[in-house]
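A closer look at the structure
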Amino acid sequence: SSSSSSSSASPSAAAAEELLLVYQLLNQICGDGISGALLTHAILRRRGWSSLDPWIQMYDDLPSRQSKVCVPDRRAVCTTDAERRCTAPSGLQERIDDLVEAAAAAASETEREEKEEGKNISHAKAFRAFVRPSGTEDIIRIYAEANTQESADNLAKAVGRAVEELCAKLS
């Protein structure tokens with residue numbers, strides 16, 4: 001496609017043409033890092049950003065913990081949604097959701113108490129946890145994010161215990 005055709009096209013047609021060019025740039029097979037870097041550069045240029053600062057300001061890096069637990073058979077844990085949700089064993093995703101909700105609720109209580117003391121800190125804005133089976137070992141990898149490192153550590157431990165408990169029932 002030529003760039004002259006996009007200048008006379010409707011905004012929707014121009015956007016569709018840009019998306020097609022992105023598709024052509026990226027390597028769909030191996031996720032080539034060089035093409036990803038070129039795409040990032042093109043997006044920044046398109047938005048008129050001369051530095052990474054506006055982009056970096058859109059991202060909040062939260063404390064996180066990655067851990068793992070040994071299980072009898074890693075195939076007992078199945079995931080979906082880019083490995084962010086568990087489909088098996090039955091009840092595991094619900095337990096993870098409950099643990100995340102409880103951690104966020106505890107942070108909300110801390111936030112309420114701090115607001116009463118005149119502090120204005122948001123703690124409960126981003127808690128998450130997910131698990132995925134290893135591709136090579138009988139282990140389940142655990143990922144947790146929270147408002148503090150201690151909360152992320154505790155959430156990862158609690159999710160790990162849930163994985164161990166539910167996987168032990170299957171063996």
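Structure shown above.
Residues numbered from 1 in each chain as written. Predicted model: local features only at pLDDT ≥ 70, side-chain atom pairs only at ≥ 80, totals over all residues. Heavy atoms only, no water.

1. Section: the overall build of the protein chain
Quick note on the threshold: Helical segments are the DSSP runs of H or I of at least four residues, strand segments are the runs of E of at least two, and each set is numbered from the N terminus. Buried residues are those whose accessible area, probed at 1.4 Å on protein chains only, stays under 20% of the maximum for their type, while exposed residues exceed 50% and partly exposed ones sit between those limits. Any two residues whose heavy atoms approach within 4.5 Å are treated as being in contact. Under the convention used here, a 1.4 Å probe and the Shrake-Rupley method define accessible areas, while residue burial counts only the protein chains that appear.
Each helix and strand counted, the protein chain has six helices and five strands in total. Start at the N end of the protein chain and walk to the C end: the helices and strands fall as α-α-α-α-β-β-β-α-β-β-α. Counting the 171 residues in the protein chain, one finds 26% classified as buried. In the protein chain, 55% of the contacts between residues at least 6 apart in sequence involve partners at least 24 apart. Put simply, the protein chain shows about 11300 Å² of open surface, and 52% of that area lies on carbon and sulfur atoms.

2. Observations concerning the state of the cysteines
Using the following cut-off: Cysteine sulfurs are considered disulfide-paired once they come within 2.5 Å of each other.
Applying the stated criterion across every chain, the model contains zero disulfides. Cysteine Cys86 is unpaired, with the sulfur of Cys78 as its nearest cysteine sulfur at 8.6 Å.

3. Focus: a nonpolar patch on the surface
Which entries qualify depends on this criterion: Candidate patch residues must exceed 30% relative accessible area and have no salt bridge, after which like charges are joined if within 9 Å and Val, Leu, Ile, Met, Phe, Trp or Tyr side chains if within 5 Å. The rule for a salt bridge is simple: a side-chain nitrogen of Lys or Arg has to be within 4 Å of a carboxyl oxygen of Asp or Glu.
A cluster of nonpolar side chains, contributed by Leu25, Ile34 and Leu38, occupies part of the molecular surface with about 280 Å² of accessible area. Mapped onto the fold, Leu25 is located in helix α2 (residues 11-25).

4. Overview of the packing of aromatic side chains
Rules: Classification of ring pairs rests on two measures: the distance between centres of Phe, Tyr or Trp rings, Trp counted by its six-membered ring, which must be within 6.5 Å, and the angle between planes, read as stacked under 30 degrees, edge-to-face over 60 and tilted in between.
On inspection of all chains with the given rule, the structure shows one aromatic pair. Aromatic side chains Phe130 and Tyr143 sit 5.0 Å apart centroid to centroid with 20 degrees between the ring planes, which places their arrangement in the stacked category. On the criterion of sequence distance, the pair formed by Phe130 in strand β4 (residues 128-133) and Tyr143 in strand β5 (residues 139-145) is long-range, its members being 13 residues apart.

5. A few points about helix α6 (residues 149-170)
Worth spelling out the cut-off: Here a helix's expected span is defined as the number of its residues, less one, multiplied by 1.5 Å.
Relative to the 32 Å expected for 22 residues at 1.5 Å per residue, α6 spans 32 Å between its end C-alpha atoms, a close match to the ideal helical length. Among the residues of α6, Ala152, Asp153, Leu155, Ala156, Ala158, Val159, Gly160, Ala162, Val163, Leu166 and Cys167 are the ones counted as buried.

6. Focus: the pattern of salt bridges
Pairing is possible between side chains of opposite charge, provided their charged atoms come close. Taken as a whole and judged by the stated rule, the model has 11 salt bridges. Arg65 is the partner of Asp153 in a salt bridge, and the nearest nitrogen-oxygen pair spans 2.7 Å. Here Asp153 is found in helix α6, whereas its partner Arg65 is found in strand β1 (residues 64-70), with 88 residues between them in sequence. For Arg65, a relative accessible area of 33% corresponds to the partly exposed category. Close ionic contact of Arg95 with Glu165 constitutes a salt bridge, the shortest N to O distance being 3.2 Å. Within this pair, whereas Arg95 is found in helix α5 (residues 92-116), its partner Glu165 is found in helix α6, the two being separated by 70 residues in sequence. The exposure class assigned to Glu165 is partly exposed, which follows from its relative accessible area of 36%.

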